[in-house]
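What follows is the residue order along each chain.
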Amino acid sequence: MKIELIPAIDIINGQCVRLTKGDYDQKTIYGEPLDMALEFERIGFQRLHVVDLDGAKSKHIVNETVLRSLATETHLIIDFGGGIKTDEDIEKAFANGAKMVTVGSIAVTQPELFMGWLEKYGAERMILGADVRNGKISINGWKEDSEEDLLPFLKKYVEAGVRNVLCTEISKDGTLAGPAIDLYQRVMDAYPELHLIASGGVSSIDDIKALNQADIPAVVFGKAIYEGKINLKELWDWQNA
């Protein structure tokens, strides 16, 4: 079975954007999120990764109206992250159409709250965000680095039942410099049962093929789409060959 393909839409001020290395000052605007989502669906993609970058920065969900429009105007299975910090936030995400949520910072700063959500909503609806910079988990929209090392951080949650992990190598994100395959392989070697979603640096279909060759279960990619580095129809045809 080939790698799962998950195109990404990052949102600031209701618009589809991409940052470079998580830097809000290095922002490129690419237009309307719904237009992009409809194009993904037209080609045949079924999943969509949506990040509320305003929410990540503000520490609460900001762009729920965009999420609602994506969920109501398409049939895409949306996982949503960015600013999910409270019970109200996670309920808002699900109420506005998210099928899954990606939660990172809370798993570092309030592990009991994350564990409660895992129990309440189930492992199939929770994605643990593990955003890594210099080997440490980064939090709050990548504005701060914690003291948590990646593999020990994952261990306690895998033991608690987490099965979906989105791992972003921040130094690669938005750079089109190629994915951190060695990092993802270390995670899979340690926790082969994980549905690991690789994120950051994807610049071409060849990068996705390399992740597939390395047996990484899933990949999120965004900037390569918007910069015309990946032909989505060609990618979809490869996926379904």
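Heads up: the structure comes first, above all this text.
Residues numbered from 1 in each chain as written. Predicted model: local features only at pLDDT ≥ 70, side-chain atom pairs only at ≥ 80, totals over all residues. Heavy atoms only, no water.

A. Structural view of the packing of helix H7 (residues 150-159) against helix H8 (residues 181-190). The contact between H7 and H8 brings their axes to 11 Å, and the two run at 40°. As H7 packs across H8, the resulting crossing turns out to be right-handed. Here Leu150, Leu151 and Leu154 of H7 come into contact with H8, specifically with Leu183, Arg186, Val187 and Ala190. For the contact of H7 with H8, a count of residues per class yields six nonpolar, no polar and one charged. (Axes fitted to C-alpha atoms, helices over the stretch in contact; angles between N-to-C directions. Helix = DSSP H or I, 4+ residues; strand = E, 2+ residues; numbered from the N terminus. Left-handed = near helix turned anticlockwise from the far one by under 90°. Contact = heavy atoms within 4.5 Å. Nonpolar A, V, L, I, M, F, W, Y, C, P; charged D, E, K, R; others polar.)

B. Focus on the environment of Lys155. Along the polypeptide, Lys155 turns up in helix H7. A relative accessible area of 41% places Lys155 in the partly exposed class. On a C-alpha basis, the gap between Lys155 and Lys143 in space is 24 Å, while along the polypeptide they are twelve residues apart. Among the polar contacts listed, one links the side chain of Lys155 to the side chain of Glu159, at a separation of 2.6 Å. (Buried < 20%, exposed > 50% of the residue type's maximum accessible area, 1.4 Å probe, protein only. Polar contact = N/O pair within 3.5 Å; in protein donor to acceptor, adjacent residues only side chain to side chain.)

C. Inspection of the environment of Lys223 at higher detail. Looking at the secondary structure, you find Lys223 in helix H10 (residues 223-226). Aside from chain neighbours lying at most four places away, what touches Lys223 is Arg18, Thr20, Tyr30, Gly174 and Leu176.

D. Spotlight on the pattern of salt bridges. Inspection of every chain in the model, using the stated rule, returns ten salt bridges. For the salt bridge of Glu64 with Lys92, the shortest nitrogen-to-oxygen distance reads 3.8 Å. With Glu64 in helix H3 (residues 64-73) and Lys92 in helix H4 (residues 87-95), this residue pair connects regions lying 28 residues apart in the sequence. A salt bridge links Lys156 to Glu148; the shortest N-O distance between them is 3.2 Å. One connected set of salt bridges, linked through shared partners, spans Glu4, Arg47 and Asp79. (Salt bridge = Lys/Arg side-chain N within 4 Å of Asp/Glu carboxyl O.)

E. Broad picture of the nonpolar core. With 74 residues, the main nonpolar core has Ile208 and Phe221 as its most contacted residues. Excluding residues that lie within four positions of it along the chain, Phe221 makes contacts with Leu5, Ile6, Pro7, Ala8, Phe45, Val202, Ile208, Ile230, Leu232 and Leu235. Of all hydrophobic cores here, the second largest spans eight residues; its members include Ile6, Ala8, Met100 and Ile197. (Core = buried A, V, L, I, M, F, W, Y, C linked by side-chain atoms within 4.5 Å.)

F. Structural view of helix H1 (residues 33-43). Those residues of H1 not exposed but buried are Pro33, Met36, Ala37, Phe40 and Ile43. The arc enclosing the buried residues of H1, seen along the axis, measures out at 125°, which places them on a common side. Of the exposed residues in H1, those oriented more than 90 degrees away from the buried face are Asp35 and Arg42. Looking at the residues trailing H1, positive phi occurs at Gly44, about 130°. (Arc of directions from axis to C-beta.)

G. Molecular detail of the packing of helix H9 (residues 205-213) against helix H11 (residues 232-239). At a minimum axis separation of 11 Å, H9 and H11 run at an interaxial angle of 25°. Relative to H11, the element H9 is oriented roughly parallel. The way H9 lies across H11 gives a crossing that is right-handed. Of the residues in H11, those in contact with Ile205, Ile208, Lys209 and Asn212 of H9 are Glu234, Leu235 and Trp238. (Parallel < 35°, antiparallel > 145°, perpendicular 65-115°, else oblique.)

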